Amino acid sequence: MMQDASVGFAEVPWRAVIRVGLIGAAVAIFLCLVGIVPVFHARPLIKDVISLGQTAIVLALLWTGLMAARTSEVRGRLTVLPGALAGSIAGAGLTALVILGELINVRAAFLNASPALYEILTFGNGLAGSWIAIVIGAVLGAAGSVGAKLPIASRRPLTTFVLTLLLAGLFAGILRTAMLSTPLAGLGRLLFAPLGLTIVGAIVTVVLFVGGGELLFYTRVRDRVKAMAPAQQRLVTWPLLAMAAIAVLVLPQALGPFVAQVVALVALYVLMGLGLNITLGLAGLLDLGFVAFFAVGAYTVGLLTSTAEFGLADWPFWAAIPFAVLFAMVFGAILGLPILGIRGDYLAIATLGFGEIIRILAGSDVLKPWLGGPRGILNIPKPIDVEPTHFLAGPAQIYYIAIACAVLIAFVAWRLRGSRIGRAWLSIREDEDVAEALGVNLVQTKILAYVLGAGFAGLGGGIFSSLVGSIFSSSIQLFVSINVVAIVVVGGMGSIPGAVLGAIFLIGVPELFREFSEYRFLFYGAALILMMLYRPEGLMPTRFAAREVHLESSELGADTVVAAPTESS
């Protein structure tokens, strides 16, 4: 620890700084060789200024400097030196990659080590410009180390600045498309390029969001609203909720059918997330076969409404959807009864097996005469039959139906959570034996959690089959169940707003970035790891869950502090 401003040159932990620099070099080379830099270079973040590929390298070098500063903890005149050294080492890694690419055929092993990549790293100067990466690395590393030493009040707007540019640049194309069909078309062209921000757009966006964020922070608007009387709070919050509702209603008309389909898909996962939130988040019953209830709802609507070969009744969607929920609840009860005595990991494996059985049966020859086997059920009609030019045509009507169902289910889940049965679920989650000793009927309470969760999943499956217009056994994948579990965990166990936020983060964002192909799953995985490291309680946890996680961490830290002298002694 060298907090003293008069720290000498020899006291800096140079070995640790060099180690950070080598890690930074490995990260930068990895970004190049997996194709992120060359592929994303075609996508500008700010038109004619910087591309997404270059942004990835810049962020890696800044991170290297920041980590070097935190590792060395040097202050005073030598503050920038560790970061500059680590950044230059990371840049030297890129220089070595360029030189190596000139000497041997690296592309034989790494397909993305192409001449185009070397042109990006040397700014078109070839081998003669290979030194540029070292200089840029030193400058960005020094900048990262300075950023690490800034007070929180200064780091906050800088963080907002970076995040605002990234998000605005990624969503610029969608925003421009939406604005071009409105009277704001001129403003859209001024702020947004077909891909990425314009320079004017970058300046306006940064001023708007960074300035607005700082204004909200220093004026303490949130604290002032909290300090108001309940009646005054309603006067503030209701108009905001009304504006949000209007924005939700006009979204599919403003942003087009693609965004409407993505939001409809998010709403379907919200339904399933809220269902599993009862089973897992409140009752603590880990269910990895949740997709089975989704399949029951989807096949029920398909069989009852399809006009194709396997359709049974040719019913309208509105008549079929209650049966989808009912049958899913019956299956939930059938699954719940035999596994009531199983806990923990064993329960997860049992439900996983149930989900796989449903998937295999749906695609098997045994049920092929009724479910179509791999051919599935086709020609599932939309809930409302309208002309192609009608505003409810396409995925827009599913969008409104899914949003309405999500709001209704969220209300039901919210009321259940605060009820007597909600408290019984929470007690089972904490300790089944204690809950039973306090008079909680474990059989009834667990079955009710399974049945309600299954019903919500069945509703989502029924709407999904109508959205897609068909249902196949290949749609019943374990990945769906894992996604729903991830939504509940990432959003915050037992939190209703958390389930909504988790679905947006894990389903909506990857869908919007389909243009990045398989790389979106790379970022998806990295985001999940970072999430569990830095916010294990979830994005929007309940106060109880957040307190529980942080209390356990503080207790663990206290134990560690106490145990250390004992071991040394």
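Fair warning: this is a prediction, and the values are worked out from it, not measured in the lab.

Draft legend 1. Spatial organisation of the overall build of the chain. When you go through the chain residue by residue, the secondary structure sums to 23 helices and two strands. Radius of gyration (C-alpha) of the chain: 27 Å, near the 25 Å computed for a compact globule of 569 residues. The C-alpha extent of the chain, read off along each of the three principal axes, is 80 × 65 × 60 Å. Across the 569 residues that make up the chain, the buried fraction comes to 45%. A separation threshold of at least 6 residues defines the contact pool for the chain, and within that pool the share at least 24 residues apart is 74%. A total of about 28,700 Å² of accessible surface is found on the chain, and carbon and sulfur atoms cover 71% of it. Averaging the locations of the 34 positively and 30 negatively charged side chains of the chain gives two centres separated by 8 Å.

Draft legend 2. Representation of the side chain of Asn277. Mapped onto the elements of the fold, Asn277 is located in helix α11 (residues 230-282). Within the structure, the side chain of Asn277 is placed 3.0 Å from the backbone nitrogen of Gly494, a separation counted as a polar contact. Those residues within four positions of Asn277 in sequence are excluded, and the remaining contacts are Leu282, Val488, Gly492, Met493, Gly494, Ser495 and Ile496.

Draft legend 3. Here's a closer look at the packing of aromatic side chains. Scanning all chains against the criterion turns up nine aromatic pairs. Plain terms: the ring middles of Phe323 and Phe327 are 6.2 Å apart, the flat faces sit at 55° to each other, and that makes the pair tilted. You can see Phe323 and its partner Phe327 sitting in helix α13 (residues 317-336), four residues apart, about one turn around the helix. With a centroid separation of 5.9 Å and an interplanar angle of 50°, the aromatic rings of Phe411 and Trp414 are classed as tilted. Within this pair, Phe411 and its partner Trp414 are both found in helix α16 (residues 395-417), separated by three residues, close to a single helical turn. Of the residues examined, Phe411 reaches a relative accessible area of 47% and is grouped as partly exposed. Ring-pair connections join several aromatic residues into one group, and the members of that group are Phe290, Phe293 and Phe354.

Draft legend 4. Geometry of the environment of Leu170. Within the secondary structure layout, Leu170 lies in helix α7 (residues 152-180). For Leu170, a relative accessible area of 18% gives the class buried. Taking the C-alpha atoms as reference, Leu170 lies 6.4 Å from Gly196; in sequence the two are 26 residues apart.

Draft legend 5. Broad picture of helix α17 (residues 420-430). Listed as buried for α17 are Gly422, Ala424, Trp425, Ser427 and Ile428. Summarising the contacts, the buried residues of α17 are in contact with α11, α16, α18 (432-437) and α19 (442-468).

Draft legend 6. Representation of the confidence of the model for the chain. Model confidence for the chain is summarised by a mean pLDDT of 83, while 93% of its residues fall at 70 or above. Residue range residues 1-5 is modelled with pLDDT below 50. Its contacts to residues more than four positions away, or to other chains, number 14 contacts. Considering only residues more than four positions removed or in separate chains, one finds that residues 558-569, a stretch of pLDDT under 50, has zero contacts.

Draft legend 7. Up close: unusual backbone geometry. You will see that Asp48, though not glycine, has its phi angle at about 65°, which is positive. As for its placement among the helices and strands, Asp48 is situated in the loop between β1 (44-46) and β2 (50-51). Overall, Asp48 belongs to the exposed group, its relative accessible area being 74%. Look at Asp314: it is not a glycine, yet its phi comes out positive at around 55°. With respect to the secondary-structure elements, Asp314 resides in the loop between α12 (291-305) and α13. On the basis of relative accessibility, which here comes to 52%, the residue Asp314 falls in the exposed class.

Draft legend 8. Molecular detail of the side chain of Gln397. On the secondary structure map, Gln397 appears in helix α16. A distance of 2.8 Å separates a polar side-chain atom of Gln397 from the backbone nitrogen of Ile384. Non-local contacts of Gln397, meaning those with residues more than four positions away in its chain, are made with Lys382, Pro383, Ile384, Val386 and Leu392.

Draft legend 9. Quick look at the nonpolar core. Core analysis: the biggest nonpolar cluster contains 80 residues, and Tyr269, Leu271, Met272, Ile278, Trp425 and Ile463 have the highest contact counts within it. Examining the composition of this core, we find that 17 residues originate from one element, α11, more than from any other. Once residues within four sequence positions are removed from consideration, Met272 is found in contact with Phe290, Phe294, Ala457, Val480 and Val484. Listed in part, the 39 residues of the second largest apolar core include Leu31, Leu33, Ala56 and Leu97.

Draft legend 10. Here's a closer look at α13. A rise of 1.5 Å per residue sets the reference length of α13, with its 20 residues, at 28 Å; its end C-alpha atoms lie 28 Å apart and thus fit the reference within 8%. Every buried residue of α13 is listed here: Phe317, Ala320, Ile321, Ala324, Ala328, Gly332, Leu335 and Gly336. Down the axis of α13, the smallest arc covering the buried residues is 145°, so these residues share one side. On the buried face of α13, the contacting elements are α12, α14 (344-363) and α19.

Draft legend 11. The packing of α12 against α13, seen in detail. Direction vectors running N to C along α12 and α13 enclose 145°, while the axes themselves pass 8 Å from each other. Every pair of crossing elements has a handedness; the one defined by α12 and α13 is right-handed. Note on element contacts: α13 touches α12 through Phe317, Ala320, Ile321, Phe323, Ala324, Phe327, Ala328, Phe331, Gly332 and Leu335, opposite Phe293, Val296, Gly297, Thr300, Val301, Leu304 and Thr305. For the contact of α12 with α13, the class distribution of residues is 13 nonpolar, four polar and no charged.

Parameters at a glance
- Residues numbered from 1 in each chain as written.
- Predicted model: local features only at pLDDT ≥ 70, side-chain atom pairs only at ≥ 80, totals over all residues.
- Heavy atoms only, no water.
- Helix = DSSP H or I, 4+ residues; strand = E, 2+ residues; numbered from the N terminus.
- Rg over C-alpha atoms; globule rule 2.2 N^0.38 Å.
- Buried < 20%, exposed > 50% of the residue type's maximum accessible area, 1.4 Å probe, protein only.
- Contact = heavy atoms within 4.5 Å.
- Areas by Shrake-Rupley, 256 points an atom, 1.4 Å probe, with all protein chains shown as cover.
- Lys, Arg positive; Asp, Glu negative; His and termini not counted.
- Charge placed at Lys NZ, Arg CZ, Asp CG, Glu CD.
- Polar contact = N/O pair within 3.5 Å; in protein donor to acceptor, adjacent residues only side chain to side chain.
- Phe/Tyr/Trp six-rings, centres within 6.5 Å; stacked < 30°, edge-to-face > 60°.
- pLDDT = per-residue confidence, 0-100.
- Core = buried A, V, L, I, M, F, W, Y, C linked by side-chain atoms within 4.5 Å.
- Expected span 1.5 Å × (residues − 1).
- Arc of directions from axis to C-beta.
- Axes fitted to C-alpha atoms, helices over the stretch in contact; angles between N-to-C directions.
- Left-handed = near helix turned anticlockwise from the far one by under 90°.
- Nonpolar A, V, L, I, M, F, W, Y, C, P; charged D, E, K, R; others polar.

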